[in-house]
Amino acid sequence: MTTASAPSTSAPPVAVPVQQRVAELAAALIGSWQEGYLSDRSPAVAALARLRRGAGREAGEMPDLWNLIDTDALHTQAEGSRQLSEQELVRAENALHAALTLWAFHQQSRGAPMHRRHSRERPGGLGAAVRRLMQADGVDDPVRKRLVRAGTAPDLVTLTQRLRDIVALLRRDDIPLDYALLAGQLYLWQLPDGPAAVRRRWGRSFHEQRRPRPASDENTTPDTDKDAS
C-alpha cells in the first residue's frame, strides 16, 4: 500500500524584477571599480577614464565600452530569475551605461566614494542629493529646476545629458549618490508610464532630505538598504 505524499508547502521562487537585477549589477560593477580607483589600482583607474568619456552619450556610440561593461549576468537565467526579452536587455544595458558613465564622471579626481548606497538614515536618491546642494534653510530654485528639467526629458539620451549637469554640481560639492538606485530607476524610466513613476520617486527623495548637510559625510561604508526613494 502506498501513501500519497503530502503536497509541497514551499512557495515558488519569486521572480526578481528586472529593475532590481539592473541595480544589483550596477552596485557590483561600481563597487569593484570604486574600491580599485580609491586604492589607485591601474586597471580601475583606466576603466574609470574610459567610462567617463561615455557620460551623456548613447550606449552604442562608444565601442570602447562594449567589452568593459560586463552584462553577462543579465543574459544568464539565475535562480529566482527568468530569461530577459530582447527589449528588456536593451533597456537594461541602456540604464547600466548611463548610470556607470555618470558615476565615473562624478568619481573623477575625488578621494572619497561618490557612489554610496541609500539608507533611511542617509538618503542617497537623486532628489535627496539635489536637496543637499541647497542651503538647509531654503530652496535654491535654479537647482530645483534642474531636477524638474531632468524629469521632463523626452528621451533617455537627453535625460542622461541633463543628469550630467546635475552630477557636475554634486561632484563640485563632493555629494555622493546611489548609482545602483539610479540605474534601476533609469531602467524603469524607459517603460510605459515610467517617467512619471521615476519623477514621483525623485520628488519623494527631494523632500526626504531635510536635514542640514553634515560637516563630515561618512560615505566610506556602503549601505545595503534598497529602499527605492
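Look up: the structure comes first, before these words.
Only a predicted model underlies this, so the values are computations on that prediction, with no experimental measurement involved. The written sequence of each chain sets the order in which its residues are numbered from 1. Per-residue local features of the predicted model are confined to residues with pLDDT of at least 70, and side-chain atom pairs are confined, for both listing and counting, to 80 or more; whole-chain, interface and lining totals are unaffected and use all residues. Hydrogens and water are ignored here; the side-chain numbers use all heavy atoms of the structure.

### Describing the pattern of salt bridges
Salt bridges, as used here, are contacts in which a Lys or Arg side-chain nitrogen is within 4 Å of a carboxyl oxygen on Asp or Glu. Under the defined criterion, the tally for this structure stands at five salt bridges. The salt bridge partner of Arg53 is Asp64, with a shortest N-O separation of 3.7 Å. Here Arg53 is found in the loop between α2 (42-52) and α3 (72-75), whereas its partner Asp64 is found in the loop between α2 and α3, with eleven residues between them in sequence. Think of it in three bands: residues with accessible area under 20% of the maximum for their type are buried, residues over 50% are exposed, and the middle band is partly exposed, with areas taken using a 1.4 Å probe on protein chains only. Assessed through its relative accessible area of 46%, Arg53 is described here as partly exposed. For Asp64, a relative accessible area of 34% puts it in the partly exposed group. For Asp178, the salt bridge goes to Arg117, with nearest N and O atoms at 3.1 Å. Of this pair, Asp178 sits in the loop between α7 (156-172) and α8 (179-189) while Arg117 sits in the loop between α4 (86-107) and α5 (126-131), placing them 61 residues apart in sequence. Overall, the relative accessible area of 12% leaves Arg117 in the buried class. Each member of the salt-bridge network shares a partner with another, and the members are Arg50, Arg53 and Asp64. The numbering of helices and of strands both runs from the N terminus, where a helix is a DSSP run of H or I of at least 4 residues and a strand a run of E of at least 2.

### Things to note about unusual backbone geometry
The backbone of Asp40 sits at a positive phi, close to 60°, despite the residue not being glycine. Along the polypeptide, Asp40 turns up in the loop between α1 (18-38) and α2. Of note, the phi angle at Asp174 is positive, near 55°, even though the residue is not glycine. Here Asp174 lies in the loop between α7 and α8. The exposure class of Asp174 is partly exposed, given its relative accessible area of 36%.

### Thoughts on the nonpolar core
Here, the term nonpolar core denotes a set of buried Ala, Val, Leu, Ile, Met, Phe, Trp, Tyr and Cys residues that are joined through side-chain atoms within 4.5 Å. Counting residues in each nonpolar core, the largest one holds 59 residues, and the members touching the most others are Leu51, Leu159, Leu163, Leu186 and Trp202. Contributions of two or more residues to this core are made by α1, α2, α4, α5, α6 (141-151), α7, α8 and α9 (194-208). When residues in this core are grouped by element, the largest group, eleven residues, is from α4. Note on contacts: a residue pair qualifies if any of its non-hydrogen atoms lie within 4.5 Å across the two residues. Once residues within four sequence positions are removed from consideration, Leu51 is found in contact with Trp33, Leu65, Leu68, Ile69, Leu100, Thr101, Trp103 and Ala104.

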